Amino acid sequence: MTSVSVAILQLFREKGGFVSGEVISRELHVSRTAIWKQINGLRRAGYVIEAVPSRGYHLLSAPDLLSPGEIAGYLKAKLIGRRLVCLATTTSTNSDAFRLAEQDAVEGTVILSDGQSSGKGRLGRVWSSPEGVNLYCSVILRPGIMPYEAPQLTFLSAVAVARTIELVSDLKPEIKWPNDVLIKGKKVAGLLNEMNAETDVINFVILGIGVNLNMTAEQFPPDLRHPATSILLESGRPVGRARFAALLMGELDRLYRDFRTNGFGPVRAEWQQRCNAHGRELAISDGGADVVKGMFAGIDSYGALLVAGAGGKIERILSGDVRIL
Ligand code: BTN
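What you are looking at is a predicted structure, and each value in this text was computed from that prediction instead of being measured.

Draft legend 1. View of the sheet that holds strand β10 (residues 281-285). If you walk across this open sheet you meet the 5 strands as β13-β12-β11-β10-β14, and the pairing is antiparallel. In the strand order of this sheet, the two ends are held by β13 (314-317) and β14 (321-324), each with one partner. Recorded for the sheet is a direction-independent mean angle of 45 degrees between the axes of neighbouring strands. Of the pairings in the sheet, the one linking strand β11 (residues 290-299) to strand β12 (residues 305-308) comprises 3 bridges and is antiparallel in character. Counted as the bridge partner of I299 is L305 from β12.

Draft legend 2. A look at the pattern of salt bridges. Across all of its chains, the model carries 21 salt bridges by this definition. Notably, a salt bridge pairs R274 with E270, separated by 3.0 Å at the nearest N-O pair. With R274 and E270 both in helix α9 (residues 265-274) and 4 residues apart, this pair spans about one turn of that helix. Between D300 and R316 there is a salt bridge, with its nearest N and O atoms 2.7 Å apart. Within this pair, whereas D300 is found in the loop between β11 and β12, its partner R316 is found in strand β13, the two being separated by 16 residues in sequence. Accessibility expressed as a relative area gives 10% for D300, which makes it buried. If you follow the salt bridges from partner to partner, you end up with R163, E166, K172, E251, R254, E270 and R274 in one network.

Draft legend 3. Here's a closer look at the packing of helix α6 (residues 151-168) against helix α8 (residues 241-262). At a minimum axis distance of 9 Å, the contact between α6 and α8 shows a crossing angle of 135 degrees. Classified by the interaxial angle, the pair formed by α6 and α8 is oblique. The hand of the α6/α8 crossing is right-handed. Here Q152, L153, L156, S157, V159, A160, V161, R163, T164, I165, L167 and V168 of α6 lie close against α8, whose contacting residues are R243, F244, L247, L248, E251, L252, L255, Y256 and F259. Here the residues of the contact of α6 with α8 are counted per class, giving 15 nonpolar, 3 polar and 3 charged.

Draft legend 4. The pairing of strand β5 (residues 135-141), seen in detail. Where burial is concerned, most of β5 is hidden: 7 out of the 7 residues are buried. Burial of the side chains of β5 extends over both faces: L135, C137, V139 and L141 are buried on one face and Y136, S138 and I140 on the other. Two elements, strand β4 (residues 109-113) and β5, share 4 bridges in a ladder whose sense is antiparallel. Within β5, the position partnered with I111 by the bridge is S138. For β5 and strand β9 (residues 201-211), the ladder comprises 7 bridges, and the chain directions are antiparallel. Of the residues in β9, the one forming a bridge with Y136 is G210.

Draft legend 5. Highlighting the sheet that holds β4. Read across the open sheet, the 7 strands follow the order β3-β4-β5-β9-β8-β7-β6; overall the sheet is mixed. Of all strands in the sheet, those bounded by a partner on one side alone are β3 (83-87) and β6 (174-176). Averaged over all adjacent pairs, the angle separating strand axes in this sheet is 20 degrees, with direction ignored. As paired strands, β3 and β4 are joined by 5 bridges and run parallel to one another.

Draft legend 6. Quick look at the nonpolar core. One finds L112, L135, F244 and W271 to be the most contacted residues of the largest nonpolar core, which totals 62 residues. With 10 residues, the single largest contributor to this core is α8. By size, the runner-up hydrophobic cluster in this structure holds 15 residues, among which are V23, I24, Y47 and L59.

Draft legend 7. Molecular detail of helix α5 (residues 93-102). When α5 is considered as a whole, its buried residues turn out to be T93, N94, D96, A97, L100 and A101. Seen along its axis, α5 keeps its buried residues to an arc of 160 degrees; they face one direction. The N-terminus of α5 is capped by S92, whose side-chain oxygen sits 3.1 Å from the backbone nitrogen of N94. Following α5 by one or two positions, D104 has its phi on the positive side, about 75 degrees.

Draft legend 8. Summary view of the site of the ligand. Among the 19 residues in the neighbourhood of the ligand, the closest are listed as S92, Q116, K120, R122 and K187. In the environment of the ligand, an oxygen atom lies 2.7 Å from a nitrogen or oxygen atom belonging to the side chain of S92. One of the side-chain nitrogen or oxygen atoms of Q116 is found 3.0 Å away from a nitrogen atom of the ligand. Out of a free accessible area of 420 Å², the ligand has 98% covered by protein chains.

The rules behind the values
- For every chain, the first residue of the written sequence is number 1, and numbering continues from 1 along that sequence.
- Predicted model: local features are reported for residues with pLDDT of at least 70 only, side-chain atom pairs are reported and counted for 80 or more only, and whole-chain, interface and lining totals are derived from all residues.
- Hydrogens are left out, water is left out, and the side-chain values use all remaining heavy atoms of the structure.
- If DSSP finds at least two bridges between two strands, the strands pair.
- Secondary structure elements are defined from DSSP: runs of H or I of at least 4 residues count as helices, runs of E of at least 2 residues count as strands, and each element is numbered from the N terminus.
- Interaxial angle, 0 to 180 degrees, is taken between N-to-C directions of lines fitted to C-alpha atoms, where a helix line uses only the stretch in contact.
- By convention in these notes, a salt bridge is any Lys or Arg side-chain nitrogen within 4 Å of a carboxyl oxygen on Asp or Glu.
- When accessible area is computed with a 1.4 Å probe and restricted to protein chains, residues below 20% of their type maximum are described as buried, those above 50% as exposed, and intermediate ones as partly exposed.
- By the definition adopted for this analysis, an angle is roughly parallel if under 35 degrees, roughly antiparallel if over 145, roughly perpendicular if from 65 to 115, and oblique otherwise.
- Left-handed is the label given to a crossing in which the near helix is rotated counterclockwise from the far helix by less than a right angle, and right-handed is the label when the rotation is clockwise.
- In what follows, a contact means two residues having at least one pair of non-hydrogen atoms within 4.5 Å.
- By the convention adopted, Pro, Cys, Tyr, Trp, Phe, Met, Ile, Leu, Val and Ala count as nonpolar, Lys, Arg, Asp and Glu as charged, and the other residues, Gly among them, as polar.
- To qualify as a nonpolar core, a set must consist of buried Ala, Val, Leu, Ile, Met, Phe, Trp, Tyr and Cys residues joined through side-chain atoms within 4.5 Å.
- The arc in question is the one spanned by the directions pointing from the helix axis to the C-beta atoms.
- Pairing of N or O atoms within 3.5 Å defines a polar contact, subject to two protein rules: one partner must be a possible hydrogen donor and the other a possible acceptor, and residues neighboring in sequence count only if both atoms are side-chain atoms.
- Whether a residue is near a molecule or strand depends on its heavy atoms: if one lies within 4 Å, it is near.
- Throughout, the Shrake-Rupley method with a 1.4 Å probe supplies accessible areas, and for residues the shown protein chains are the sole cover considered.

Here it is in structure tokens:
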């Protein structure tokens, strides 16, 4: 897509309704013939644009493309998304991001793909990534923090995903420790952060984010360990992928800039509010019998789950299955 087409789409979105050829020509400094050519190019790409003599052009509908042009039309972030790499398909956006970061890609670079052939989940699992329906993206960050503080950024991503779901729907997402985003108890998004670090310095962190946006029930693999869902299945409405991607980058941008100034405190407070265990009694098992029971008492700065036992003693949980009693 040309930069003029991107600018025309931006004008349509800003102004709404009909935009005259005269206004487009004046604001973008291009001739009326050039506008006509760009409009035809957009139509060929799937945009439905009405043209009425004496009124101008009116964008009636846009295809659900995950292209830099579509995303830029909604993007307000300053740092996150300043370079966008949009792929038709790939093995894993996390692997791509890792490679680009090793080649010195700037902080804030985001890699997105329409689909993934080997999407990576936590604990070596596969992340189901059918084409054209969901969001698969990886963000390159170069935070000036110690390697042991890196999990804080996973909590930050979970908060950003939850906020974005609220921006595009009436749904009430919750976060399950350590970092699944749930809607009505079913997983809607997963986060996989990877990093390249030395003993006391992080070279870069990759925030890998997968959100099930428009996946239908038949598109979920039959052998899922935990129930999963999509925003479409829960709200009954499809979500524009480019808009969701841009809004997510906006929330990541806000949270990350605040994190760099004020540290983990604000993210931690919001994560705790949004956690499905807030104010609840928990049982934690190591795959067999329950080993710890107690009230949810938040997370510490390493991302460990804190549970207050009967005598008020706080246990730190680093791994395990958490059930709400
Ligand atoms: C989980 O198991 O919950 C984490 C899933 C993370 C999936 C995302 S999709 C985009 C990015 N690329 C990958 O290969 N994985 C992450």
